[in-house]
Amino acid sequence: MGLAILLGLFALLTFVGVPVAFALGMAAISAFFYEGLPLMIGFQRIVAGTSTFSLLAIPFFIFAGELMLHGGIAARLIRLASSAVGWMRGGLGQVNVFSSMLFGGISGSAVADVSALGSLLIPVMKEKGYDDAYAVNVTVTSSIAGIMIPPSHNMILYVVAAGGGMSVASLFMAGVVPGILMCVLLGLVARWIAIRHNFPTEPFAGVKVILVAFLASFPGLITAIIVVGGALSGVFTVTESGAIGAIYAVLITALVYRSLSLKDFWIAVIRSVRTTGMVMILVGCASAFGYMLALYEVPKVLAAGLTAISDNPIIIFLMMNLILLMLGMIMDMAALILICTPIFLPVAVSLGMDPIQFGIMLMMNLGLGLCTPPVGGCLFVGCAIGEVPIQRAVKSIWPFYLAILAALMLVTFVPAISMALPNWISG
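Residues numbered from 1 in each chain as written. Predicted model: local features only at pLDDT ≥ 70, side-chain atom pairs only at ≥ 80, totals over all residues. Heavy atoms only, no water.

Named according to an unreviewed UniProt entry, the chain is TRAP transporter large permease protein originating from Marinomonas posidonica. Looking at the Sequence similarities (unreviewed entry) heading of the UniProt record, one finds this comment for the chain: "Belongs to the TRAP transporter large permease family." As recorded by UniProt, the Subunit (unreviewed entry) comment attached to the chain reads in full: "The complex comprises the extracytoplasmic solute receptor protein and the two transmembrane proteins." (UniProt positions renumbered as here; feature names shortened; annotations may be inferred.)

A. Main features of unusual backbone geometry. The phi dihedral of arginine 258 falls on the positive side, at around 55°, and the residue is not glycine. By the element assignment, arginine 258 lies in the loop between helix H14 (238-256) and helix H15 (262-295). Arginine 258 gets classed as exposed once you look at its relative accessible area, which sits at 67%. With a phi angle near 55°, glutamate 387 is a residue other than glycine that sits in the positive phi range. Turning to its location among the elements, glutamate 387 is positioned in the loop between helix H20 (377-386) and helix H21 (390-395). (Helix = DSSP H or I, 4+ residues; strand = E, 2+ residues; numbered from the N terminus. Buried < 20%, exposed > 50% of the residue type's maximum accessible area, 1.4 Å probe, protein only.)

B. Molecular detail of helix H4 (residues 57-70). The terminal C-alpha atoms of H4, which comprises 14 residues, lie 20 Å apart, in line with the 20 Å expected from a rise of 1.5 Å per residue. Burial within H4 is extensive, with eleven of its 14 residues counted as buried. Taken residue by residue, H4 has Ala57, Ile58, Phe61, Ile62, Phe63, Ala64, Gly65, Glu66, Leu67, Met68 and Leu69 as its buried positions. Note on H4: the residue one or two positions beyond its end, glycine 72, has a positive phi of about 95°. (Expected span 1.5 Å × (residues − 1).)

Here you go:
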């Protein structure tokens, strides 16, 4: 009965439009009350959930991403991508994917990727004669690179939800190859569609133009090197790397590029504070919710249920992917990381999957959920920027979905794709 109250109330509150964080907290407190547990324990769990040192890196990563968005880094990265791959058939589609790979590694946010690159590229693609739905679809699906390629604050949430027993830097490295693989597959799909529909191409800019664009964007690219390299080398902790990355972003955009105005800086601060507040409330309430799930032994019951259906690890992993994909379509990504990790991670580990590999599989699943209705945040933002009805965008987005699913299957069943780089670095 207590579990029914916990899950039922959460589903009901989410259905009627209550924010996910508050739905988690209210459901958890109601279950505490039903079981006769002191409510003080529930609030202690909420506070304890936000008292993890690793979480301090999240506001710094978010702030650095906002500074990159409003400080002109995105525009320079687009010029670099356009000069390098814009000459191909449907070149702006390739530019879109390549820019997402570059900017995603700096901002660490899929929604920021869509907002920044979409605002710049979608209108240009429409003006050059590209189909507007194609422009939206390639922008939305390539934005998942912001989740996969480090630094990513969602990976920090996963480490916290997993109990903090793994290295954030190793998880960062594990996302590099899968993120690049996914972008390559998306680029191939974008080119195939462009050839089929005879979309326009751009003249080759020349090696000199590429070199100039690279030199102009290099100071911004250094941000990712500072954050990831500092954490991997042991010079900084992940939290310190995030703080230094944010300071560096201020210096580059304000003093080197001179493109960050006081107004833009203030906007970046406000958006960062708002996003950080939302994440921290979500983490605290999810901690109390997860405490009750553990009390009711939900992970153990789920593991027993999956193994009762089949004892074949391939079948179980496919079922886990399907469940995560379906959940990603209807719930916020951060909430699902905090809820699903303690449930599915023990099952995956018991079947021989490394926790780091499972984390990358989880990120890609939930990232795809950001591109799918009814709660696809990236899809909504992209359609709003491109002024394309969601129904029309979804009708033609399926080839990009297939590319991401192909990358997801490779990550799930070929451990070396996500594990080779962190294992090599760790020796």
